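Spelled out from the first residue to the last, the chains are:
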Amino acid sequence: DGGITQSPKYLFRKEGQNVTLSCEQNLNHDAMYWYRQDPGQGLRLIYYSQIVNDFQKGDIAEGYSVSREKKESFPLTVTSAQKNPTAFYLCASSQGLAGGETQYFGPGTRLLVL
Amino acid sequence: QQQVKQSPQSLIVQKGGIPIINCAYENTAFDYFPWYQQFPGKGPALLIAIRPDVSEKKEGRFTISFNKSAKQFSLHIMDSQPGDSATYFCAPSGRGGSYIPTFGRGTSLIVHP
């Protein structure tokens, strides 16, 4: 089955700790995205990548970092600089960035602060 | 600047009712108008989408109506069912500098049995 997998489903972060959220896709899509979702809010873009070894900041990149070493993988690190990390994190992919394309989402990772 | 305004924020209907969710946009470069459906604790999934060359598209009980001059598109759910209870997002996008979708804030729909 083609799709996007995210792990873990739940993640707990201690004060001052960096944590990494995994995102893998087997859709052979070029573009990948990370969104943050807070209760009652829409989806806010953190980072996106169009090709391997290249990525761009979204609207709320501060306190986050990403890498794109392989086409199918786009991990997100929530650093200790992100003071309010509790949220639902969604990874998505699309064929490319030509515009007007469907985004395919993973099941999400819920990050909680201890 | 809020480019996409989605309304209402929440909606409660009885089974069989026809909830309507609206999305108003400002960017005239948008040329793809999708609605995503999200169930609690899950990722969103494409429900239905329209291109600006048509004014209406139906897929089963779901209909998108598109008004280019008003810069607005709407989702209609015919004969709504309790299983339609979810959050719905509009997320228009286009070419050039607007290729990243702009998500609305979402509409929480509850369909009572």
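The following refers to the structure shown.

Glancing now at the sheet that holds strand S1 (residues 4-7) of chain A. Residue and element names in this part refer to chain A. Overall, antiparallel pairing links the four strands, which are arranged S1-S3-S8-S7 in an open sheet. Strands with a single pairing partner mark the edges of an open sheet, and in this sheet they are S1 and strand S7 (64-66). Within this sheet the neighbouring strands show an average axis-to-axis angle of 20°, counted without direction. Strand direction decides the pairing type here: S1 and strand S3 (residues 19-25), joined by four bridges, are antiparallel. Its bridge partner lying in S3, Gln-6 is registered against Cys-23.

Residues and elements named next belong to chain B. With antiparallel pairing, five strands are arranged side by side in an open sheet as S1-S3-S8-S7-S6. Taken across any chain shown, the strands that pair with only one partner, and hence form the sheet edges, are strand S1 (4-7) and strand S6 (56-59). Going from strand to strand, the sheet's axes swing by 15° on average, the running direction of each strand aside.

Rules used throughout
Residues numbered from 1 in each chain as written. Chains lettered and ligands numbered in written order. Predicted model: local features only at pLDDT ≥ 70, side-chain atom pairs only at ≥ 80, totals over all residues. Heavy atoms only, no water. Pairing = 2+ DSSP bridges. Helix = DSSP H or I, 4+ residues; strand = E, 2+ residues; numbered from the N terminus. Axes fitted to C-alpha atoms, helices over the stretch in contact; angles between N-to-C directions.

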